[in-house]
Amino acid sequence: MTFWQENYGFVKEVYDFRCSKYLEWMDNIEAIIGKVMANTQYTAKEFKIIKDTFTSLCRDLDKEGTKSWLDMMLDKLSQHSNENEDNLSGRDKAVKAQEKKKLEAMIERHNGLMGPTMEAQSKVDHYSECYAFGDDIHPVMKVLNEQRHLSCKEIHPHNMDMCEDQIEKQEKVLRTIENQAPIYNELMRRGQKLKSNPNAPSFLEREIKKLEETWKDTNEKAQLRIALLNSTFKDWEVYEQQRQAIYTPIEALEEQFKTYKRIYDPKKGTDWLERKKKKVAEFKKQGLEIYEVIQKCFKTIVSLAGEDKREFMEKEILEIDERKTIIEKVDKTLEELTEFNKKLHKFVDTMGELRAWMMPACEKLNFITTSTEMSPEDRVKEIFDLQGQVNERLPLMEPLEAECHLLFDAKRVRGQESEEGQTNETALNHMKEFFTIKETINDLHEKVEMEAGSITQDQKYFADYLYGVKNFKPWMEEAETVAKTPLVKPAKIEDAMALLETVKKFEDSCKENRGKLDAAAESRSHMEKQTKADNEVETLNGRWDTVKKVADERVAKIQELCDTWSELQKVTNNLTEIIANVPGTDTPDVSSLEGIFKTFKEINDKKVKLLQAV
């Protein structure tokens, strides 16, 4: 009997104990490998415990040599089983087979754990560094998050001192961020180095990215806040300066406004208005530009101060708005004074025109009624002409009088006592002159009507007849001279065209003046009692017909000459072009060329004949 046979029970007990311990170790090593390889975000302290546990389990396995012993026991148990196979019962055989199978499974499990264990051993040190890196970025992240919060939290400075205080606080934030820069740069270099290791866990990249984004975001928010505060502070400075500066042009406009008045001399008024408008334009431009700057600055200031401060801060703007209404008052008053000046100009100019016509008209009436040299028909004609002139101007008097009262009534005169060299006397002189003109024209109207009333209708018709004939005769004599004068033969087509325009104008003159003769004939025919004087219209009609016939013939001849000459010029140009192209043509079209020559000759002959007939 061998040692194993004699001590089987003791050996079996030791074997079972070691198996249970080995199973416990494998359970523990599997669990700890799972924690190592889980890629979970641990703190460095937490992972150190996991690492130490893992290292201890691996060390225990090496020290005990459990797997070697189990391999040996499996071998011995196999031999023992084979030696006593014949003496064992069926139940014992099944138990032995099960034990062997369990041992084989344990050894197989052990072999399967070797790979993950070796992998975990290769990564555990690097993981430990990565978790330490994760712990080391937390203080920097905390500082950055605090500074970002300070750069993003709501602030509502509503005066320059508060804005300046916020700038100092934000500059402190920037200094704090700047102090973190060396630590951040070192962490980023360390992180990139850890990341370059093939065993780097995925969480490392997230940590690096989070640190980088937090750094970038914090810097951007801090820079945006300091830029906003600096810009707002500048706006505050500009706002305060311009808020005082705007009162300079506003006060200047208020002083200008006090000097506005009506000037009753239209020329002086125009010059005065131009000077005032020029000054106003400068002050107005300056004021509006300053106001635009104030509004722009205020918009930035109030947006940072918050809506709850708007009503309080807008009081200053409302005060400026109230004073700025002087611009509208100035514009409106200058517009009214300009309109007044235009009406005054028109009124004075109209009076000047009436005065310039009125005095000669009075003298003319006096001459007509007292002259012994004027023929009866001329006297009748002049009386009725003068009557027409008076009747044309008489309707102007009523609206002109209304305009006179509107412009010069004493109750409408502004600031009489403060006028510079202007008094009510100027306005009163205009009114006085108007009423003088009105009285004179009314008197002239009465006299003209009286004279016209003494003339019978037949006298008027006969006067129109004589006047028409008298005015027609000079033209008739001149037209006969033109008709008898031979036309100058044109040397070129341009001369022919100019001659055509001349004869057409003469023809138009004939038509126009015939109307005067017809009007004279019509006036004579309307007389109830026909005069015994010869009717000169019949003789003049014959003379006009002769001249008109010459005019018509000349227009027809010169028109035909111009048309023929123009056609000849086109044929000549065409012929010249064809002849110029002949040298470059292999087979010239002689028949076509002969046809063009023939046409040219025919038209030229016609032109020569027409030219001789001119």
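Residues numbered from 1 in each chain as written. Predicted model: local features only at pLDDT ≥ 70, side-chain atom pairs only at ≥ 80, totals over all residues. Heavy atoms only, no water.

## A closer look at the overall build of the protein
Quick note on the threshold: Secondary structure elements follow DSSP: runs of H or I of four or more residues count as helices, runs of E of two or more count as strands, with numbering from the N terminus. Burial classes follow relative accessibility: with a 1.4 Å probe on protein chains only, a residue under 20% of its type's maximum area counts as buried, one over 50% as exposed, and anything between as partly exposed. Every residue pair with non-hydrogen atoms within 4.5 Å of one another is taken to be in contact.
Along the protein, the regular secondary structure elements total 18 helices and zero strands. Burial analysis of the protein (614 residues in total) assigns 36% to the buried set. Long-range pairs, those at least 24 residues apart, make up 85% of the contacts in the protein with a sequence separation of at least 6.

## Digging into the pattern of salt bridges
What counts here: Here, a salt bridge means any side-chain nitrogen of Lys or Arg that lies within 4 Å of a carboxyl oxygen of Asp or Glu.
A full pass over the atoms with the stated rule returns 19 salt bridges. A salt bridge links Asp331 to Lys284, with the shortest nitrogen-to-oxygen separation between them at 2.9 Å. Of this pair, Asp331 sits in helix H11 (residues 310-370) while Lys284 sits in helix H10 (residues 266-305), placing them 47 residues apart in sequence. On the accessibility criterion, Asp331 (29% relative accessible area) is partly exposed.

## Concerning H11
Where we set the bar: One fewer than the residue count of a helix, multiplied by 1.5 Å, yields its expected span. Consider a residue and the seven residues that end there alongside the seven that start there; fitting an axis to each set, the bend is the angle between those axes.
Taking 1.5 Å per residue as the helical rise, H11 with its 61 residues ought to reach 90 Å, and the 89 Å between its terminal C-alpha atoms agrees with that figure. Along H11, the helix axis deviates most sharply at Glu316, where the bend reaches about 35°.

## Let's talk about the packing of aromatic side chains
Worth spelling out the cut-off: The criterion for an aromatic pair is that two Phe, Tyr or Trp rings (for Trp, the six-membered ring) have centres within 6.5 Å, with stacked assigned to planes under 30 degrees apart, edge-to-face to planes over 60 apart and tilted to the rest.
As enumerated under the stated definition, the model contains ten aromatic pairs in all. Measuring from centroid to centroid gives 6.1 Å for Tyr239 and Phe298, while their planes differ by 35°, and the two rings are tilted. Placement of the pair is Tyr239 in helix H8 (residues 202-245) and Phe298 in helix H10, with a sequence separation of 59 residues. Side by side, Tyr239 and Phe298 carry an identical accessibility label, which is buried. What links up through ring pairs into an aromatic cluster is the set Tyr264, Phe340, Phe347, Phe408, Phe434 and Phe435.

## A short note on the nonpolar core
Just so we agree on the cut-off: Within this scheme, the nonpolar core is defined by two criteria: the residues are buried Ala, Val, Leu, Ile, Met, Phe, Trp, Tyr or Cys, and they are joined through side-chain atoms within 4.5 Å.
Residues Leu211, Tyr239 and Ile246 are the most contacted members of the largest nonpolar core, which totals 56 residues. Breaking this core down by element, the ones donating at least two residues are helix H5 (90-152), helix H6 (160-179), helix H7 (181-196), H8, helix H9 (247-258), H10 and H11. Ignoring sequence-local partners within four residues, the contact set of Ile246 consists of Gly287, Ile290, Tyr291, Ile294 and Ile320. The next biggest cluster of nonpolar side chains, apart from the first, holds 26 residues, and it includes Leu354, Trp357, Leu400 and Leu444.

## Looking at H10
Let me state the cut-off plainly: Think of a polar contact as two N or O atoms within 3.5 Å of one another; within protein, one of them needs to be a possible hydrogen donor and the other a possible acceptor, and neighboring residues in sequence only count if both atoms come from side chains.
Its 40 residues give H10 an end-to-end C-alpha distance of 55 Å, which sits within 8% of 58 Å, the value for a rise of 1.5 Å per residue. Its side-chain oxygen 3.0 Å from the backbone nitrogen of Lys267, Asp265 forms the N-cap of H10.

## Structural notes on a negative patch on the surface
The criterion, for reference: Here, patches come from residues exposed beyond 30% relative accessible area and free of salt bridges, joined within 9 Å for like charges and within 5 Å for nonpolar side chains (Val, Leu, Ile, Met, Phe, Trp, Tyr). Only the protein chains shown count as covering a residue, and every accessible area follows the Shrake-Rupley method with a 1.4 Å probe. In this tally Asp and Glu are treated as negative and Lys and Arg as positive; neither His nor the chain ends contributes. Working definition for charges: the position is that of NZ of Lys, CZ of Arg, CG of Asp or CD of Glu.
A cluster of acidic residues, Asp161, Glu164, Glu168, Glu171 and Glu237, forms a negative patch at the surface. Broken down by element, the residue count for the negative patch peaks at four residues, all from H6. According to the relative accessible area criterion, Asp161 is exposed, its value standing at 60%.

## Some remarks on the packing of H8 against H11
Note the cut-off: Axis lines are fitted through C-alpha atoms, for helices just across the contact stretch, and the angle between N-to-C directions can take any value from 0 to 180 degrees. Handedness of each helix crossing follows the sense of rotation of the near helix against the far helix: counterclockwise by less than a right angle gives left-handed, clockwise gives right-handed.
Contact pair H8 / H11: the axes reach a minimum separation of 12 Å and the direction vectors enclose 35°. Between H8 and H11 lies a crossing whose hand is left-handed. Where H8 abuts H11, its residues Trp236, Tyr239 and Arg243 lie against Met313, Glu316, Ile317 and Ile320.

## Notes on the confidence of the model for the protein
Segments scoring low in pLDDT should not have their predicted coordinates read at a detailed level. Here is the rule we go by: Confidence scores per residue from the predictor, reported as pLDDT, run from 0 to 100.
Summary statistics for the protein give a mean pLDDT of 77 and a share of 70% for residues scoring 70 or more. Segment residues 411-422: pLDDT under 50, and 25 contacts once partners within four positions in sequence are set aside and those in other chains are kept.

## Some points on the side chain of Asp235
Tracing the backbone through its elements, the reader meets Asp235 in helix H8. Within the buried set, Asp235 has no salt-bridge partner at all; the shortest N-O distance to an opposite charge, 7.2 Å, is to Lys296. Discounting chain neighbours no more than four positions away, the residues touching Asp235 are Cys297, Thr300 and Ile301.

## Thoughts on the side chain of Glu480
Here Glu480 is to be found in helix H15 (residues 457-484). Residues contacting Glu480, with those up to four places away along its chain left out, are Arg543 and Val547.

## A few points about the environment of Leu334
Turning to its location among the elements, Leu334 is positioned in helix H11. Here Leu334 falls in the buried class, since its relative accessible area comes to 6%. Along the chain, Leu334 and Lys277 lie 57 residues apart, while their C-alpha atoms are 7.6 Å from each other. Setting aside its immediate chain neighbours within four residues, Leu334 contacts Tyr260, Leu273, Lys276, Lys277 and Val280.

## Considering the environment of Val503
Structurally, Val503 can be placed in helix H16 (residues 493-525). Counting along the chain gives 52 residues from Val503 to Val555, while the straight-line C-alpha distance between them is 5.8 Å. Those residues within four positions of Val503 in sequence are excluded, and the remaining contacts are Leu487, Arg554, Val555 and Ile558.

## Thoughts on the environment of His430
Tracing the chain through its elements places His430 in helix H14 (residues 424-453). Classification of His430 as buried rests on a relative accessible area of 12%. It is 8.7 Å that separates the C-alpha atoms of His430 and Tyr264, two residues lying 166 residues apart in sequence. Apart from the residues lying within four places of it in its own chain, the contact partners of His430 are Tyr264, Leu344, Phe347, Val348, Met351 and Phe408.

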